[in-house]
Amino acid sequence: MGTLFAEKRSGDARTKLMAGILFIISAPSGSGKSTLVSQLRTLVEGLDFSISYTTRAPRGSEENGREYHFTTCDEFQRMVKAGEFLEWAEVFGNFYGTARAALSHAESQGKDLLLDIDVQGAQQVIERLPEAVSIFILPPNPETLQKRLRNRSQAEKMTDEDVIERRLSQARNELQQIWKYKYALVNDVLDNAVDEMRAIVLSERGLNGGIAKMAKSCRTDIASQRLDAALRSFGVASAGSAQ
Ligand code: ADP
Ligand code: 5GP
């Protein structure tokens, strides 16, 4: 474990900026982040989801390569040493990390990338890629969080009151970090929270590309193929041949 932390402090000059938007989503465990994200992905196109690496064991119906890449401590450590992670952290006694390859994969697909990571990992990504759009999801109150944690563990037949208590107290710690995030979203009524999340993504796309890109495509000094074709149809010289 000591080796892993030593690696974590070493400098990182190889973080590559991606062309699309990088969305970071963090939430105390049980807030409903996975539920929200899976709904968001059915509503918004062009979002790639980074599948993290973890040393924890699969839970319930989880499958290797779908929810996580489940891996051994040795392999995780090898990846840390090889600089294969954009960020990594120890959460509830297990290691979790985002592979740098997730950035290039999203970029090659021309998609935005969504990271579902804890507050420590989010802090690392915000420092390395300050243009990332960070969103913190929180439950409306601790009672609701407790209820959701309990329901989920009952559904997965793994109820452990100690684990629930630890997650509740961790939630209070994580909430202290909320002001480092650009957006905060209270997941009370699921449909409302999904609408809000969708609005954040679409609005950021407008701010970061969509609207600006559209305006640029209308500029006469750039002259789109569409403008050229229209001008040609009138027998008017295209921008390239104008005086
Ligand atoms: P997380 O990914 O943040 O750990 P989950 O998405 O697994 O949380 O949600 C925890 C539990 O709460 C699940 O049983 C889920 O169905 C439920 N849940 C999520 N969002 C809501 C909501 N808005 N209202 C009621 N239950 C919810
Ligand atoms: P869980 O084990 O309940 O799926 O996740 C526990 C916590 O680990 C959650 O807060 C989740 O966001 C976080 N997590 C999942 N993947 C990563 C990752 O790649 N990096 C970091 N830093 N946290 C992660």
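Below you will find a few notes about this structure. Not measured: the values here are computed from a predicted model.

Here's the deal with the layout of surface pockets
Gaps between atoms show up when a probe of the same size as a water molecule is rolled over them.
So, step 1. For the largest pocket, the calculated volume is near 1200 Å³.
So, step 2. Considering the residues around the largest pocket, the lining is formed by 43 residues, among which K33, S34, R59, D116 and R152 are closest to the centre.
So, step 3. For the lining of the largest pocket, the elements supplying multiple residues, two or more each, are α2 (33-43), β5 (85-91), β6 (94-99), α6 (142-155) and α7 (161-175).
So, step 4. Ranked by residues supplied to the lining of the largest pocket, first place goes to α2 with six residues.
So, step 5. Counted by class, the lining of the largest pocket contains twelve nonpolar, 15 polar and 16 charged residues.

Considering the site of ligand 1
So, step 1. Around ligand 1 sit 13 residues in total, of which G30, S34, T35, R152 and N187 are the nearest.
So, step 2. At 2.4 Å, a side-chain N or O of S34 approaches an oxygen atom of ligand 1.
So, step 3. More than half of the atoms belonging to ligand 1 lie within 2 Å of the grid points that define the largest pocket.
So, step 4. Only α2 and α6 provide two or more residues apiece to the shell around ligand 1.
So, step 5. Per element, the largest residue contribution to the shell around ligand 1 is three residues, and it comes from α2.

Comments concerning helix α3 (residues 73-81)
So, step 1. Buried residues of α3: F76, Q77, M79 and V80, and no others. Take α3 and look down its axis: the buried residues cluster within an arc of 160°, on one side only.
So, step 2. Two residues or fewer past α3, G83 is found with a positive phi of approximately 70°.

Regarding the sheet that holds β5
So, step 1. Here four strands make up an open sheet; going across it, the order is β4-β3-β6-β5 and the pairing mixed. Here the strands that pair on one side only, and so sit at the sheet edges, are β4 (69-70) and β5.

Digging into the pairing of β6
So, step 1. Across the six residues of β6, five count as buried, placing the element largely inside the fold.
So, step 2. Two elements, strand β3 (residues 53-54) and β6, share two bridges in a ladder whose sense is antiparallel. The partner of Y53 across the bridge, within β6, is G97.
So, step 3. Direction of pairing for β5 relative to β6: antiparallel, over a ladder of six bridges.

What about the sheet that holds strand β9 (residues 183-186)?
Backbone hydrogen bonds are what pair the strands of a sheet, in a parallel or an antiparallel way.
So, step 1. Spatially, β2-β7-β1-β8-β9 is the arrangement adopted by the five strands of the open sheet, whose pairing is parallel. Of all strands in the sheet, those bounded by a partner on one side alone are β2 (47-49) and β9. When the angles between neighbouring strand axes are averaged without regard to direction, this sheet yields 25°.
So, step 2. As paired elements, strand β1 (residues 22-26) and strand β8 (residues 133-138) share four bridges and run parallel to each other. Bridge pairing links I24 to S134 in β8.
So, step 3. Together, β1, β2, β7 (112-116), β8 and β9 form the strand contacts of α2, whose direction differs from that of β7 by roughly 165°.

Considering the nonpolar core
So, step 1. Judged by nonpolar contacts, the single largest core of 20 residues is most densely connected at F23, L114, L185 and M197.
So, step 2. Put simply, the parts of the chain that give this core at least two residues each are β1, α2, β2, β8 and α8 (190-216).
So, step 3. Tallying contributions element by element places α8 first for this core, with five residues.
So, step 4. Beyond its immediate chain neighbours, meaning those up to four positions away, M197 contacts I25, L36, V37, L40, I137 and L185.
So, step 5. Core analysis: the second largest hydrophobic core is formed by 18 residues, L86, A106, L115 and I178 among them.

Observations regarding the site of ligand 2
So, step 1. Neighbouring residues of ligand 2: 17 residues in total, closest K33, S52, R56, Y68 and Y96.
So, step 2. Here an oxygen atom of ligand 2 sits 3.2 Å away from a polar atom, N or O, in the side chain of R59.
So, step 3. Between ligand 2 and the protein, one listed contact pairs a nitrogen atom with a side-chain N or O atom of D118 at 2.7 Å.
So, step 4. Look at ligand 2: alone it shows 510 Å² of surface, and the protein chains cover 95% of it.
So, step 5. Taking a 2 Å distance to the grid points as the criterion, the majority of the atoms of ligand 2 fall inside the largest pocket.

Analysis parameters
- Residues numbered from 1 in each chain as written.
- Chains lettered and ligands numbered in written order.
- Predicted model: local features only at pLDDT ≥ 70, side-chain atom pairs only at ≥ 80, totals over all residues.
- Heavy atoms only, no water.
- 1 Å grid on protein atoms, 1.4 Å probe; cavity = no way out; pocket = protein on both sides within 12 Å on 5 of 7 lines; lining within 4 Å.
- Points joined across faces, edges and corners; volume = space filled by probe spheres on them.
- Helix = DSSP H or I, 4+ residues; strand = E, 2+ residues; numbered from the N terminus.
- Nonpolar A, V, L, I, M, F, W, Y, C, P; charged D, E, K, R; others polar.
- Near = heavy atom within 4 Å.
- Polar contact = N/O pair within 3.5 Å; in protein donor to acceptor, adjacent residues only side chain to side chain.
- Sits in = over half its atoms within 2 Å of the grid points.
- Buried < 20%, exposed > 50% of the residue type's maximum accessible area, 1.4 Å probe, protein only.
- Arc of directions from axis to C-beta.
- Pairing = 2+ DSSP bridges.
- Axes fitted to C-alpha atoms, helices over the stretch in contact; angles between N-to-C directions.
- Contact = heavy atoms within 4.5 Å.
- Core = buried A, V, L, I, M, F, W, Y, C linked by side-chain atoms within 4.5 Å.
- Areas by Shrake-Rupley, 256 points an atom, 1.4 Å probe, with all protein chains shown as cover.

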